[in-house]
Amino acid sequence: MSKRIVILGSGESGTGAAILAKRKGFDVFVSDKGVIKDIYKNKLQKENIEFEEGKHSYDKIFSADEIIKSPGIQEKYEVMKKVREHNIPVVGEIEFAWRYCSGKVIAITGSNGKSTCTSLTYHLLQKAGMNVAMGGNIGKSFAELIANGNHEYYVLEISNFQLDDTVTFKPYISVLLNITPDHLDSYNYQFENYVASKFRIIMNQGPGDYFFYNADDPVIEHELLKPKYHKTITSLSSVSFTLNDRSGEGGWISGDTLNIQLNQNKFNMTINELALQGKHNQYNSMAAAISGKAVGIKNENIRESLMDFQGLEHRLEFVAKVHGISFVNDSKATNVNSTWFALESQNNPVIWIVGGIDKGNDYSHITELVRKKVKAIVCLGADNTKIHEAFGKLVDILVNTESMKDCVEMAYRLGNNGDVVLLSPACASFDLFENFEDRGRQFKARVKEL
């Protein structure tokens, strides 16, 4: 009799885990309390996988030998409390897929920039002709990538929720971009719990593996001083990158030159040549370039890839210029630190669109930037109280809107020739939109109607 696996959640992660489990010969059942999207329902039906939606049938769930939990299903949910009471083994989709992975994993995490860095790193490897796939928290799930064929390298964006459910997951290269307060509502508002979650990315690494991290991030630097990480860090190749001038192993900026050195192999290019501009993208470019050096990509290939990479949708994406007013879609900015980078990169007066579901935001981190760069704020959220409290005295104009149509029209009316309308919400989108992609696409559609 085959082992029974129950998967909780039927999104990209859950469906991918179900496909992999089915193809490995397990008896598979998928349970989702919400509505299963057609794209995933069709995949499950094609694989003849039993599923339910709109409910959890506990008799079927409790018959599992092992449960694979989707990253969106939190321990505080009733279904997880009941599962824990029955002492059924639980793993995440990343952990399950790792059991069947024969390639090397480049795992990238951080509070901000990980999608861009993951896409850029993948671009470097793919352009160099390597057998590589990209997935995780971006694109296809790790499990579905594994189910559909073998690759020499997997470049994975890994979220804190995915890391929480790993046990033996062991990247060949781990990249830690930054750690700033995010998702604190899921960690009892204890920042140290969120930090510990991010550092799980290195917990199984050892000799022969690489750890690349941002030396300018005070949280990372402080955490690395703790004795519990000393053995791990000293056993692997631990290398940092920084915007400060220095020399040695790692990445650094000297004047207008980006420098990389790994295992005595050097690479440099001017920052003006980078396809991705802004200080935050210098970190992404260094992290991707160091990873490229670690897997043996030639300097000319790294240079070319860093020069021709196309940025991501919803990440500081230029939409249009209407009567001299530029519209920028940064809908992926779902926390304060991400919005800090967006504001920092603007050189013209900003009409800032902000708001949504607050995840425990501390707006004091961007107070000075708002004071210097923002001429008006347009709120887009069901509850904008905290935004009014934080910025009401900093700008002359602060207005509320309840739809993307009203929001874009208001921002347009407030703008003048040379201004930038920046959608960088610093909040989750679920109060008014399906997700940040939906929010960004609605923004672009309304801009094009002006």
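Refer to the structure presented above.
In this text the structure is predicted, and so the values were computed from the model without any measurement. (Residues numbered from 1 in each chain as written. Predicted model: local features only at pLDDT ≥ 70, side-chain atom pairs only at ≥ 80, totals over all residues. Heavy atoms only, no water.)

A. Quick peek at the overall build of the protein. Each helix and strand counted, the protein has 18 helices and 20 strands in total. For 450 residues, the compact-globule estimate of 2.2 N^0.38 gives 22 Å, and the C-alpha radius of gyration of the protein, at 22 Å, lies within 12% of that figure. In terms of overall dimensions, the protein has C-alpha extents of about 70 × 55 × 40 Å along its principal axes. Residues classed as buried in the protein amount to 58% of the 450 residues present. (Helix = DSSP H or I, 4+ residues; strand = E, 2+ residues; numbered from the N terminus. Rg over C-alpha atoms; globule rule 2.2 N^0.38 Å. Buried < 20%, exposed > 50% of the residue type's maximum accessible area, 1.4 Å probe, protein only.)

B. Geometry of the nonpolar core. With 49 residues, the main nonpolar core has Val105, Phe142, Tyr154, Phe169 and Phe199 as its most contacted residues. Tyr153, Leu262, Met269 and Ile290 belong to the second-largest nonpolar core, a separate cluster that totals 39 residues. (Core = buried A, V, L, I, M, F, W, Y, C linked by side-chain atoms within 4.5 Å.)

C. Geometry of the environment of Ile94. Residue placement: Ile94 occurs in helix 5 (residues 93–98). Here Ile94 is in contact with Phe142, Ile158, Gln162, Thr166 and Phe169, once residues within four sequence places are set aside. (Contact = heavy atoms within 4.5 Å.)

D. The packing of aromatic side chains, seen in detail. Throughout the structure, instances matching the rule amount to 14 aromatic pairs. Ring centres of Phe327 and Phe443 lie 6.4 Å apart, and the angle between their planes is 50°; this geometry places the pair in the tilted category. Highlighted residues: Phe327 in strand 16 (residues 325–329) and Phe443 in helix 18 (residues 436–449), separated in sequence by 116 residues. The exposure classification of Phe327 matches that of Phe443, with both residues buried. Their ring planes at 70° and their centres at 5.4 Å tell us that Tyr363 and Phe391 sit as a pair that is edge-to-face. Of this pair, Tyr363 sits in the loop between strand 17 (350–354) and helix 15 (367–373) while Phe391 sits in helix 16 (residues 385–391), and the two are 28 residues apart along the sequence. Residue Tyr363 is classed as buried on the basis of its relative accessible area, which comes to 5%. By relative accessible area, Phe391 is classed as buried at 0%. By way of ring pairs, the aromatic residues Phe26, Phe96 and Tyr100 are connected into one cluster. (Phe/Tyr/Trp six-rings, centres within 6.5 Å; stacked < 30°, edge-to-face > 60°.)

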